[in-house]
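An overview of the molecular structure
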2 protein chains.
Amino acid sequence: MKAIVYVDLKNGVLDPQGKAVSETLTRLGFNEVTGARIGKRIELELEDGLEPTAAEARVKEMCETLLANTVIERYDIELIQG
Amino acid sequence: MKAIVYVDLKNGVLDPQGKAVSETLTRLGFNEVTGARIGKRIELELEDGLEPTAAEARVKEMCETLLANTVIERYDIELIQG
């Protein structure tokens, strides 16, 4: 089983990395870009045979503990069976 | 219009960051984790009125130019209308 975790900055939180990417793209001539926000995509390999609801709860715990700084970041979890 | 770009390491490329996350999760007691890979999720705001095919081609150019190191990374582009 796989879990995909998307970690993004909460709305309203300044994203200096996104700002740098957006400004650099504009400088490179990509004027259609009006903004950019950068997030993480974490792909977790989980051992087989886990019950999906339990697995999702555990991944949520992993996010709260390590994968996301919940003061400024939010996260979404996607489970992929098989 | 929005474009979401997912940038991930190509298969076979060592992912020290993923290895560190996986090992830390195991040390924290999340023994069901057998591996982790870390990628980027870049959300680009594009000006309105762009023709989708042209917009996708431009975003591909942005990936090749700046957003992905195509020697070790691959990317996927998702356009979101509206």
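Rules used throughout
Residues numbered from 1 in each chain as written. Chains lettered and ligands numbered in written order. Predicted model: local features only at pLDDT ≥ 70, side-chain atom pairs only at ≥ 80, totals over all residues. Heavy atoms only, no water. Helix = DSSP H or I, 4+ residues; strand = E, 2+ residues; numbered from the N terminus. Buried < 20%, exposed > 50% of the residue type's maximum accessible area, 1.4 Å probe, protein only. Lys, Arg positive; Asp, Glu negative; His and termini not counted. Salt bridge = Lys/Arg side-chain N within 4 Å of Asp/Glu carboxyl O. Contact = heavy atoms within 4.5 Å. Buried area = accessible area lost by both parts, 1.4 Å probe. Polar contact = N/O pair within 3.5 Å; in protein donor to acceptor, adjacent residues only side chain to side chain. Nonpolar A, V, L, I, M, F, W, Y, C, P; charged D, E, K, R; others polar. Pairing = 2+ DSSP bridges. Axes fitted to C-alpha atoms, helices over the stretch in contact; angles between N-to-C directions. Parallel < 35°, antiparallel > 145°, perpendicular 65-115°, else oblique.

As for its position among the elements, A:Ala20 is in helix 1 (residues 16-27). Through-space distance from the C-alpha of A:Ala20 to that of A:Ile77 is 27 Å; in sequence the pair is 57 residues apart.

Before going further, it helps to examine the side chain of B:Asp15. All names here are of chain B. Mapped onto the elements, aspartate 15 comes out in the loop between strand 1 (2-9) and helix 1 (16-27). Look at aspartate 15: it is buried, it has no salt bridge, and the nearest opposite charge is arginine 37 at 4.5 Å. Once you skip the residues sitting within four places of it in the chain, aspartate 15 turns out to touch Leu9, Ala36, Arg37 and Ile38.

Once that is clear, we can look at the interface of chain A and chain B. Between chain A and chain B, the residue contacts involve 32 residues of the former and 32 residues of the latter. Together chain A and chain B conceal approximately 2800 Å² of surface at their shared face, both sides included; 65% is due to carbon and sulfur atoms. Per-residue buried area on chain A facing chain B is highest for A:Phe30, A:Glu32 and A:Arg41; these three make up 22% of the total on that side. Between chain A and chain B we count 4 salt bridges in total. The residue A:Glu32 makes a salt bridge to B:Arg58 at a minimum N-O spacing of 2.6 Å. Across the chain A-chain B interface, the total number found is 14 residue pairs in polar contact (both at pLDDT 80 or more). Here the side of chain A that touches chain B takes 14 residues from strand 2 (residues 33-46) of chain A, the largest share from any one element. Looking at the side of chain A that touches chain B residue by residue, the classes come out as 15 nonpolar, 7 polar and 10 charged. With 13 bridges connecting them, strand 2 of chain A and strand 2 (residues 33-46) of chain B associate as antiparallel partners.

Another point: the packing of helix 2 (residues 52-67) of chain A against helix 1 of chain B. Remark: helix 2 of chain A packs on helix 1 of chain B, axes separated minimally by 11 Å, with the N-to-C direction vectors making an angle of 110°. Between helix 2 of chain A and helix 1 of chain B, the interaxial angle falls into the category roughly perpendicular. Contact residues: helix 2 of chain A offers A:Met62, A:Leu66 and A:Leu67, while helix 1 of chain B offers B:Val21, B:Thr24 and B:Leu25. A breakdown of the residues in the contact of helix 2 of chain A with helix 1 of chain B according to their chemical character gives 5 nonpolar, 1 polar and no charged.

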